[in-house]
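Chain residues, written in single-letter form:
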Amino acid sequence: MILVSSCLAGLEVRYNGTHCLNNKIRKLVEENKAITICPELLGGFSIPRVPAEIIGGNGEDVLDGKAKVVDKSGKDVTELYIKGAYATLEKAKEITATIVVLKENSPSCGSSKIYNGEFNGKKIEGMGVTSALLKRNGLKVISEEQFAETFL
């Protein structure tokens with residue numbers, strides 16, 4: 001079974017109430033080959049929500065207590081991101097996910113790139129909180145771009 005970011009399946013769950021539809025991913029969900037998940041909603045966020053970025057590092061640093069997730073208004077939302085990451089890990093274990101496809105650049109889901117924490121649109125190498133936790137627990141996490149290259 002594949003676990004996928006809800007926004008990639010066309011669900012309007014992003015911070016601004018939009019989606020990032022990937023038709024191949026939606027087809028997998030429709031065929032019951034994939035299950036959708038949104039770590040941020042599992043963490044307790046609503047739609048819409050204030051955009052957030054990791055300050056002082058990446059998702060691994062957040063898990064280690066060395067960095068935090070802060071929304072654009074300055075509110076520390078680290079605990080909600082960590083809560084969502086652990087809830088996603090539990091779901092992945094429950095369905096025995098073989099692969100997890102998460103939305104690149106997100107402070108939760110980015111698997112190789114995230115925003116730099118300055119809210120200026122610049123990206124840096126690094127993982128989001130959920131991707132870091134899943135990888136630490138031995139799960140294969142890829143972005144929608146890697147999914148497109150792998151599953152053509």
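Let us look at the structure shown here. Quick caveat: nothing in here was measured; it's all calculated off a predicted structure. (Residues numbered from 1 in each chain as written. Predicted model: local features only at pLDDT ≥ 70, side-chain atom pairs only at ≥ 80, totals over all residues. Heavy atoms only, no water.)

A few words now on the overall build of the protein chain. Within the protein chain one finds six helices and eight strands. Taken from the N to the C terminus, the helices and strands of the protein chain come in the order β-α-β-α-β-α-β-α-β-β-β-α-β-α. A compact globule built from 152 residues should have a C-alpha radius of gyration of about 15 Å, and the protein chain, at 14 Å, falls within 12% of that. Projected onto the principal axes, the alpha-carbon positions of the protein chain cover approximately 40 × 30 × 25 Å. A burial count over the protein chain gives 49% of its 152 residues as buried. Of note, the protein chain has its 20 positive side-chain charges centred 2 Å away from the centre of its 19 negative side-chain charges. (Helix = DSSP H or I, 4+ residues; strand = E, 2+ residues; numbered from the N terminus. Rg over C-alpha atoms; globule rule 2.2 N^0.38 Å. Buried < 20%, exposed > 50% of the residue type's maximum accessible area, 1.4 Å probe, protein only. Lys, Arg positive; Asp, Glu negative; His and termini not counted. Charge placed at Lys NZ, Arg CZ, Asp CG, Glu CD.)

A few words now on helix α5 (residues 129-136). Every α-helical turn comprises 3.6 residues, leaving residues that sit three or four positions apart pointing alike. Counting buried positions over the eight residues of α5 gives six, a clear majority of the element. For α5, the full list of buried residues reads Val129, Thr130, Ser131, Ala132, Leu133 and Leu134. Just downstream of α5 lies Gly138, where phi reads positive at about 85 degrees.

What follows deals with the environment of Ala92. Summarising the element assignment, Ala92 is placed in helix α4 (residues 78-94). In this structure Ala92 comes out as buried when scored by relative accessible area, which is 1%. Considering only alpha carbons, one finds Ala92 and Leu3, 89 residues apart in sequence, at a separation of 6.7 Å. With residues up to four places along the chain from it excluded, the contact list for Ala92 reads Leu3, Ala97, Leu134 and Leu139. (Contact = heavy atoms within 4.5 Å.)

Pairing is parallel in the open sheet, where four strands are placed in the order β2-β1-β5-β8. At either margin of the open sheet sits one strand with a lone partner, and together these are β2 (34-37) and β8 (141-143). Ignoring strand direction, the axes of neighbouring strands in this sheet form an average angle of 25 degrees. When strand β1 (residues 2-5) meets β2, the two strands line up parallel, connected through four bridges. Along β2, the bridge assignment pairs Ile2 with Ala34. (Pairing = 2+ DSSP bridges. Axes fitted to C-alpha atoms, helices over the stretch in contact; angles between N-to-C directions.)

This part is about the environment of Lys91. Along the chain, Lys91 turns up in helix α4. The exposure class assigned to Lys91 is partly exposed, which follows from its relative accessible area of 26%. Distance in space between the C-alpha atoms of Lys91 and Ile47 is 21 Å, their sequence separation being 44 residues. If sequence neighbours within four positions are ignored, Lys91 has contacts with Leu3, Ile35 and Ile37.

Let's shift gears to the nonpolar core. Of all hydrophobic cores here, the largest spans 25 residues; its most connected members are Val69, Val129 and Leu134. When residues of this core are traced back to their parent elements, those giving at least two are β3 (52-55), α4, β5 (99-102) and α5. Ranked by the residues each element gives to this core, the list is headed by α4, at five residues. Discounting residues that sit within four places of it in the chain, Leu134 has contacts with Thr88, Leu89, Ala92, Val100, Leu102, Leu139 and Val141. (Core = buried A, V, L, I, M, F, W, Y, C linked by side-chain atoms within 4.5 Å.)

Cis geometry marks the peptide bond from Ile47 to Pro48, where omega comes out at -10 degrees. In this structure, Asn32 takes a positive phi of about 60 degrees despite not being glycine. Mapped onto the elements, Asn32 comes out in the loop between α1 (23-30) and β2. When its relative accessible area of 63% is taken as the criterion, Asn32 is described as exposed.

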